[in-house]
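Residue-level structural notes
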Amino acid sequence: QVQLVESGGGLVQAGDSLRLSCAASGGTFSTYTMAWFRQVPGKEREFVAFITPSGAASDYAQSVKGRFRISRDNARNTVHLKMNSLKQDDAAVYYCAAKRPGASAYNSIEYTTWGQGTQVTVSS
């Protein structure tokens, strides 16, 4: 089973960019669909983006499409989320997640492994 550790969160101003990273260990990283979700207190965990095991395909939540980009480096067992033009609505704890291909990539319940999360705060 793969283990995940996120990094790269922090405090930024609206309009700034931030790059989150997720390092995987203990499994065959290149066989997992990887995703980013986010959560704010009192709300359900929300899908942000996913990328297929080979990196050939990805998709995004409508709210981040055109601003965020997910990528992966299977040689380094890492997945990244580049976030541009950040808004206050993007503030949340961001989680990296992994699952085997075959089930919905948009539904958090399908993901079997989660990181501990990294906080993103966006000031006005």
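These remarks concern the structure in this document. (Residues numbered from 1 in each chain as written. Predicted model: local features only at pLDDT ≥ 70, side-chain atom pairs only at ≥ 80, totals over all residues. Heavy atoms only, no water.)

1. Some details on the overall build of the chain
- Assigned secondary structure in the chain consists of zero helices and 11 strands.
- Ordered by position in the sequence, the α and β elements of the chain form the string β-β-β-β-β-β-β-β-β-β-β.
- Rg of the C-alpha trace for the chain: 13 Å, near the compact-globule value of 14 Å for 124 residues, within the 12% margin.
- Once the C-alpha set of the chain is aligned to its principal axes, its extents read approximately 40 × 25 × 25 Å.
- Across the 124 residues of the chain, 44% fall into the buried class.
- Of the contacts made within the chain by residues no fewer than 6 positions apart, 57% connect residues no fewer than 24 positions apart.
- Counting every atom, the chain has about 6200 Å² of accessible surface; 47% of that belongs to carbon and sulfur.
- Looking at the chain, you have 13 positive and 9 negative side-chain charges, and the mean spots of the two groups are 5 Å apart. (Helix = DSSP H or I, 4+ residues; strand = E, 2+ residues; numbered from the N terminus. Rg over C-alpha atoms; globule rule 2.2 N^0.38 Å. Buried < 20%, exposed > 50% of the residue type's maximum accessible area, 1.4 Å probe, protein only. Contact = heavy atoms within 4.5 Å. Areas by Shrake-Rupley, 256 points an atom, 1.4 Å probe, with all protein chains shown as cover. Lys, Arg positive; Asp, Glu negative; His and termini not counted. Charge placed at Lys NZ, Arg CZ, Asp CG, Glu CD.)

2. Structural notes on the side chain of Glu6
- Along the chain, the position of Glu6 falls in strand E1 (residues 3-7).
- Buried charge without a salt bridge: Glu6, with Arg45 as the nearest opposite-charge side chain at an N-O distance of 7.4 Å.
- Here Gln116 takes part through its backbone nitrogen, which lies 2.9 Å from a polar atom of the side chain of Glu6.
- Only 2.9 Å separates the side chain of Glu6 from the backbone nitrogen of Gly117, close enough to count as a polar contact.
- Not counting residues up to four positions away in its chain, the partners in contact with Glu6 are Ser21, Cys22, Trp36, Tyr94, Tyr95, Cys96, Gly115, Gln116, Gly117 and Thr118. (Salt bridge = Lys/Arg side-chain N within 4 Å of Asp/Glu carboxyl O. Polar contact = N/O pair within 3.5 Å; in protein donor to acceptor, adjacent residues only side chain to side chain.)

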